[in-house]
Amino acid sequence: MGAFLTVSAVIIVVLLIIINVAPLAPKPKPKPIAVENQVEVTQPVTEPQSFQIQGVPIVSQNELKAGCETYACTMLLKSLGFDTDEFDFAENYLICSPISYGVDGTRFGPDMYSAFAGTVENGYGIYSPAMAKSINKFFEAKKSKLRATSIVGETLESLCQKYVKNGTPVMVWATTYMQEPYEKASWVVDFVDENAKTKKGDTFTWLQNEHCMVLIGYDQKDYLLADSVAGKVSHFEKKLAEQRFKELGSQAIVAQEP
């Protein structure tokens, strides 16, 4: 009986050793919980609320009283590194057509989409297609790869997003100090080119307060424009500036390499 107990005890000890030594079966790893329609959250990119192009000089309109487009162009060209002034551009590159009178007093002049009406000393003005054509005469003479492009139908906001915030200044047509434009002078058209909106013999009407500036920036409330008449960077409330820009035909010019 004692021997039997001894053998039993040995067997129990051996079994306990086997149990303790045998590796435990690995626990199954928990399955990942599927999340339906999971969307990765990213931080939104914040657009700057204000921006201004640096290096666009202000050229005050002290002498060529009717030449706001030439002054705006001069500021643009200077910002691009060209050594020029308003007198050189007006004399050598600006496309002009005179205002004249018939024997009966009828006034004649160009379509302003084709040429400057009169002279920069006492004339009327020029619109973006003809001004871009004039600027391209300058670029060609300087053997520059830059080309001026007339842009019609944009908004000031879209011009800021496409060009200004990327460092490209834009010539724009609006009014002096954003005053209301109104019909002031008319003439019979005697000069047209491929950009004309009229035919010879039609009547062209000029808007009083028409003005050209260079759009160089914006903030939360205003657009910033290099303004030859003010002789400084003018700040104009966005809604009013957009209205005046539209009333002058939503015209603009940019100069870039093609």
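That block above? That's the structure.
The notes below deal with the structure included here. (Residues numbered from 1 in each chain as written. Predicted model: local features only at pLDDT ≥ 70, side-chain atom pairs only at ≥ 80, totals over all residues. Heavy atoms only, no water.)

## Observations concerning the overall build of the chain
No. 1: The secondary structure content of the chain amounts to 6 helices and 13 strands.
No. 2: Per-residue burial for the chain yields a buried fraction of 43% across its 258 residues.
No. 3: Across the chain, every contact between residues at least 6 apart in sequence was considered, and the portion connecting residues at least 24 apart equals 65%.
No. 4: Per element, the accessible surface of the chain, about 14,900 Å² overall, is 55% carbon and sulfur. (Helix = DSSP H or I, 4+ residues; strand = E, 2+ residues; numbered from the N terminus. Buried < 20%, exposed > 50% of the residue type's maximum accessible area, 1.4 Å probe, protein only. Contact = heavy atoms within 4.5 Å. Areas by Shrake-Rupley, 256 points an atom, 1.4 Å probe, with all protein chains shown as cover.)

## Structural notes on the packing of aromatic side chains
No. 1: Applying the stated rule across the entire model yields 13 aromatic pairs.
No. 2: Consider the rings of F82 and F138, whose centres lie 5.2 Å apart with planes at 80°: the pair is edge-to-face. Of this pair, F82 sits in the loop between α2 (68–79) and α3 (86–92) while F138 sits in helix α4 (residues 128–141), and the two are 56 residues apart along the sequence.
No. 3: For F82, a relative accessible area of 18% corresponds to the buried category.
No. 4: Both rings, one in Y93 and one in F138, keep their centres 5.1 Å apart while their planes meet at 80°; by these two values the pair is edge-to-face. One end of the pair, Y93, is in the loop between α3 and β2 (96–97); the other, F138, is in helix α4, with 45 residues separating them in the sequence. Of the two residues examined, Y93 and F138, each falls in the buried class.
No. 5: Through a chain of ring-to-ring contacts, the aromatic side chains of Y113, Y124, Y127, W187, F204 and W206 assemble into a single cluster.
No. 6: Its guanidinium or amino end placed over the ring of Y113, K197 lies 5.4 Å from that ring's centre, counting from NZ or CZ. (Phe/Tyr/Trp six-rings, centres within 6.5 Å; stacked < 30°, edge-to-face > 60°. Lys NZ or Arg CZ within 6 Å of the ring centre and 35° of its normal.)

## Re the side chain of S128
No. 1: Inspection of the secondary structure puts S128 in helix α4.
No. 2: S128 gets classed as buried once you look at its relative accessible area, which sits at 0%.
No. 3: For S128, the contacting residues outside a window of four places in its chain are S150, V152, W173, Q251, A252 and I253.

## Digging into the pattern of salt bridges
No. 1: One pass over the structure, following the stated rule, counts 5 salt bridges.
No. 2: D193 is paired through a salt bridge with K133; the nearest N and O atoms lie 3.1 Å apart. Taken together, the positions of D193 in the loop between β8 (182–191) and β9 (203–208) and K133 in helix α4 put the pair 60 residues apart, joining distant regions of the chain.
No. 3: Judged by relative accessible area, D193 falls into the buried class, the value being 17%.
No. 4: For K133, a relative accessible area of 31% corresponds to the partly exposed category.
No. 5: The partner of E154 in a salt bridge is K162, with the nearest N and O atoms 2.6 Å apart.
No. 6: Take K162: its relative accessible area is 44%, and that puts it in the partly exposed class.
No. 7: One network of salt bridges, with partners in common, ties together K133, D193 and E194. (Salt bridge = Lys/Arg side-chain N within 4 Å of Asp/Glu carboxyl O.)

## A word on the environment of L80
No. 1: Mapped onto the secondary structure, L80 falls in the loop between α2 and α3.
No. 2: Here the alpha-carbon distance between L80 and L146, two residues 66 residues apart in the chain, equals 9.6 Å.

## So, the nonpolar core
No. 1: Formed by 69 residues in total, the largest nonpolar core has its most connected members in M131, I135, L159, M171 and L215.
No. 2: A total of 7 residues in this core trace back to one element, the largest contributor, which is α2.
No. 3: When residues no more than four places from it in sequence are discounted, the contact partners of M171 are E69, A72, C73, L76, M131, I135, C212, M213, V214, Q251, A252 and I253. (Core = buried A, V, L, I, M, F, W, Y, C linked by side-chain atoms within 4.5 Å.)

## Focus: unusual backbone geometry
No. 1: Its identity is not glycine, yet K143 carries a phi of approximately 55°, on the positive side.
No. 2: Positionally, K143 belongs in the loop between α4 and β6 (147–152).
No. 3: The backbone of S250 sits at a positive phi, close to 50°, despite the residue not being glycine.
No. 4: In this structure, S250 sits in the loop between α6 (238–247) and β13 (251–256).

## Let's talk about α2
No. 1: For α2, spanning 12 residues, the distance from its first C-alpha to its last is 17 Å, which sits close to the expected 16 Å at 1.5 Å a residue.
No. 2: Within α2, 10 of the 12 residues are buried, which leaves it mostly tucked inside the rest of the structure.
No. 3: Taken together, the buried positions of α2 are C68, E69, T70, Y71, A72, C73, T74, M75, L76 and L77.
No. 4: Phi turns positive, to about 100°, at G81, one or two residues after α2. (Expected span 1.5 Å × (residues − 1).)

## Quick word on the packing of α2 against α4
No. 1: Direction vectors running N to C along α2 and α4 enclose 45°, while the axes themselves pass 12 Å from each other. As summarised for this structure, α2 and α4 are arranged oblique, according to the angle between their axes. α4 is crossed by α2, and the crossing has right-handed handedness. Counted together, E69, T70, C73 and L77 of α2 and M131, I135, F138 and F139 of α4 form the full contact between these two elements. (Axes fitted to C-alpha atoms, helices over the stretch in contact; angles between N-to-C directions. Parallel < 35°, antiparallel > 145°, perpendicular 65-115°, else oblique. Left-handed = near helix turned anticlockwise from the far one by under 90°.)

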